[in-house]
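As a plain string of letters, each chain reads:
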Amino acid sequence: MRPLQVIAVALCVLLNGLDGFDVLSISFALPGIATEWGVDRAVLGVVLSMELIGMAVGSILIGNLADRIGRRPTVLGCLVVMALGMVLASTAASVAQLAAYRLFTGLGIGGMLAAINAVAAENSNAARKNLMVGIMTAGYPIGAVVGGTIATELLKGGDWRVVFHFGAIATALFIPLVWWLMPETIAYLAQRRPANALDRINATLSRIGHATLAGLPDPTDKAGTGSFRALFAPDLIRTTLLLCLAYFTHIVTFYFVLKWSPKIVADMGFAPSAAGGVLVWANVGGTLGAILFSFLTTRFAIRPLLIGAMLASVVMVNLFGRIGADLQALSFAAACVGFCTNAAVVGLYALCAQCFPTAARAGGTGLVIGVGRGGSVLSPILAGVLLNAGAGLPAVATVMAVGSLVGAGTVLALRYRESVA
């Protein structure tokens, strides 16, 4: 891989980190909003839901758009939407306005996640594609940790609006960087063949340091429409459905500890700050899991690694639910849960890049992520219903771990289908 390719992937890592902060920005601002406006948790929960809905819609619709108009303009458009949404959020004067602005911001975040997955894959060589997609995915928890630390410091000297001001400025700074350093991918141009495709490909090849082409290569796949119909064509429908199911079910398990661990730990009698520390360890573990999994893909096949990570997630979530009131043990278990569950998310992203053809890669990834957002909504609701019904934490953890178990079986089915094709 040449420097320009590495820079493009590095930008994807940073953009994914930006998404990680943007998603959590409302969480950092929420206490100040509740105090200033005097609204209860149920109303604020609507605001959190609006963002998730926006991300789901954005992943599906804007991901498909990236297969039609290109990766680069889609990324630039998503950055504009995210920056504008952050600015608008800082001006909100009511819950209704804030919910609308977070819905709008979520569209950009969801579309960005789908587009940069394709950019990372298509700027990588064959030997390092899974590694680059995995490293890109690791940017999300890193952005959550780093951005959260900065937001915490900013809130010491300002109100909740400073969180959105910081997010807007950071997002806007990426617009010129993407414009200068992220050319349209050669794979997209060769497949979609827009006006002056050959000239644009040769310009990028020259910047990278490769020889130019005398003519356009033959398209690498038949799914050239960049539409949803291509994802449900006979040659892709099984892959599309299995990947959606695997991601959805695993995300149900993934979000259980991320959403409920602070409350679970606080209910054991620990201070809120200590409970929040357990969540930090879960994100630290998630970062390490993403990085290690990415490097393992350069030596081992991705499907066995992914299935192993999902099965390990089942074990670690069950362990988390059975530790009891031991803060150090809970922190360690949360880190292990984050390690395993986020490693599996990396594997699923890489599997999307591997299984979907160029012409449907962003749209396919966006559909999988969008469906998965349903799992992120279902997870805290399901766990809450079980806990309110009187189920003990060990039983709830067992139920919530089933998602990763189903995901592992689904990935195994995908592997079997491909091996006999």
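Scoring rules and cut-offs
- Residues numbered from 1 in each chain as written.
- Predicted model: local features only at pLDDT ≥ 70, side-chain atom pairs only at ≥ 80, totals over all residues.
- Heavy atoms only, no water.
- Helix = DSSP H or I, 4+ residues; strand = E, 2+ residues; numbered from the N terminus.
- Rg over C-alpha atoms; globule rule 2.2 N^0.38 Å.
- Buried < 20%, exposed > 50% of the residue type's maximum accessible area, 1.4 Å probe, protein only.
- Contact = heavy atoms within 4.5 Å.
- Areas by Shrake-Rupley, 256 points an atom, 1.4 Å probe, with all protein chains shown as cover.
- Lys, Arg positive; Asp, Glu negative; His and termini not counted.
- Charge placed at Lys NZ, Arg CZ, Asp CG, Glu CD.
- Axes fitted to C-alpha atoms, helices over the stretch in contact; angles between N-to-C directions.
- Parallel < 35°, antiparallel > 145°, perpendicular 65-115°, else oblique.
- Left-handed = near helix turned anticlockwise from the far one by under 90°.
- Nonpolar A, V, L, I, M, F, W, Y, C, P; charged D, E, K, R; others polar.
- Patch = residues over 30% accessible without salt bridge, like charges linked within 9 Å, V, L, I, M, F, W, Y side chains within 5 Å.
- Salt bridge = Lys/Arg side-chain N within 4 Å of Asp/Glu carboxyl O.
- Phe/Tyr/Trp six-rings, centres within 6.5 Å; stacked < 30°, edge-to-face > 60°.
- Disulfide = S-S within 2.5 Å.
- Expected span 1.5 Å × (residues − 1).

What to know about the overall build of the chain
Thinking step 1. On a plain count of helices and strands, the chain comes out with 15 helices and zero strands.
Thinking step 2. For 421 residues, the compact-globule estimate of 2.2 N^0.38 gives 22 Å, and the C-alpha radius of gyration of the chain, at 21 Å, lies within 12% of that figure.
Thinking step 3. The C-alpha extent of the chain, read off along each of the three principal axes, is 70 × 50 × 35 Å.
Thinking step 4. Within the span of the chain, comprising 421 residues, buried residues form 53% of the whole.
Thinking step 5. If you take every contact in the chain between residues at least 6 apart in sequence, the share linking residues at least 24 apart comes to 82%.
Thinking step 6. Accessible area of the chain: about 16900 Å², with a carbon and sulfur share of 69%.
Thinking step 7. Treating the 26 positive side-chain charges of the chain as one cloud and the 17 negative ones as another, the clouds have centres 7 Å apart.

A short note on the packing of helix 1 (residues 3–37) against helix 4 (residues 95–122)
Thinking step 1. One way to put it is that helix 1 packs onto helix 4 with a least axis distance of 9 Å and a crossing angle of 165 degrees. With respect to each other, helix 1 and helix 4 are oriented roughly antiparallel. Where helix 1 crosses over helix 4, the handedness of that crossing is left-handed. Between helix 1, through Val9, Cys12, Leu15, Asn16, Asp19, Asp22, Val23, Ser25, Ile26, Ile33 and Trp37, and helix 4, the contact on the second element is made entirely by Val95, Leu98, Arg102, Ile109, Met112, Leu113, Ile116, Val119 and Ala120.
Thinking step 2. Looking at the contact of helix 1 with helix 4 residue by residue, the classes come out as 15 nonpolar, two polar and three charged.

A closer look at a nonpolar patch on the surface
Thinking step 1. A contiguous nonpolar patch, built from Ile142, Val146, Ile150, Leu154, Ile291 and Phe295 and spanning about 450 Å² of accessible area, is present on the exposed surface.
Thinking step 2. Among the secondary structure elements, those contributing two or more residues to the nonpolar patch are helix 5 (129–155) and helix 11 (272–296).
Thinking step 3. With four residues, helix 5 is the single largest residue contributor to the nonpolar patch.
Thinking step 4. Tracing the backbone shows leucine 154 in helix 5.
Thinking step 5. Here leucine 154 falls in the partly exposed class, since its relative accessible area comes to 32%.

Focus on the packing of aromatic side chains
Thinking step 1. Tallied over the entire structure, the rule returns five aromatic pairs.
Thinking step 2. Ring geometry for tyrosine 247 against tyrosine 349: centres 6.3 Å apart, planes inclined by 65 degrees, an arrangement best described as edge-to-face. One end of the pair, tyrosine 247, is in helix 10 (residues 237–267); the other, tyrosine 349, is in helix 13 (residues 327–355), and 102 residues separate them in sequence.
Thinking step 3. Overall, the relative accessible area of 6% leaves tyrosine 247 in the buried class.
Thinking step 4. Aromatic pair phenylalanine 254 and tyrosine 255: ring centres 5.2 Å apart, planes at 80 degrees, arrangement edge-to-face.
Thinking step 5. For phenylalanine 254, a relative accessible area of 13% corresponds to the buried category.
Thinking step 6. Judged by its relative accessible area of 11%, tyrosine 255 falls in the buried class.

So, the environment of leucine 348
Thinking step 1. Along the polypeptide, leucine 348 turns up in helix 13.
Thinking step 2. Each C-alpha atom of the pair leucine 348 and leucine 306 lies 7.4 Å from the other, and the pair is 42 residues apart in sequence.

Some thoughts on the state of the cysteines
Thinking step 1. Enumeration according to the criterion identifies zero disulfides in this entry.
Thinking step 2. Cysteine 352 takes part in no disulfide bond, and the closest cysteine sulfur to it belongs to cysteine 355, at a distance of 7.4 Å.
Thinking step 3. The exposure class of cysteine 352 is buried, given its relative accessible area of 3%.

A closer look at the packing of helix 10 against helix 13
Thinking step 1. Contact pair helix 10 / helix 13: the axes reach a minimum separation of 10 Å and the direction vectors enclose 160 degrees. In terms of orientation, helix 10 and helix 13 fall into the roughly antiparallel class. Crossing hand, helix 10 versus helix 13: left-handed.
Thinking step 2. In terms of residue class, the contact of helix 10 with helix 13 is built from 18 nonpolar, four polar and no charged.

Some remarks on helix 3 (residues 71–91)
Thinking step 1. Compared with an ideal rise of 1.5 Å per residue, which puts 21 residues at 30 Å, helix 3 spans 31 Å between its outermost C-alpha atoms and is within 8% of the ideal.
Thinking step 2. Among all positions in helix 3, only Arg71, Thr74, Val75, Leu76, Cys78, Leu79, Met82, Ala83, Gly85, Met86, Ala89 and Ser90 are buried.

Overview of the environment of tryptophan 179
Thinking step 1. The topology assignment puts tryptophan 179 in helix 6 (residues 161–181).
Thinking step 2. By relative accessible area, which is 52% here, tryptophan 179 ends up exposed.
Thinking step 3. When the C-alpha atoms of tryptophan 179 and proline 73 are compared, they prove to be 8.9 Å apart, with 106 residues separating the residues in sequence.
Thinking step 4. Residues contacting tryptophan 179, with those up to four places away along its chain left out, are Arg72 and Leu76.

Examining the pattern of salt bridges
Thinking step 1. Considering all chains together, one arrives at five salt bridges under this definition.
Thinking step 2. A salt bridge links glutamate 36 to arginine 161, with the nearest nitrogen and oxygen atoms 2.7 Å apart. Taken together, the residues glutamate 36 in helix 1 and arginine 161 in helix 6 connect sequence positions 125 residues apart.
Thinking step 3. Here the salt bridges share partners, and the residues they tie into one network are Asp67, Arg71, Glu122 and Arg361.

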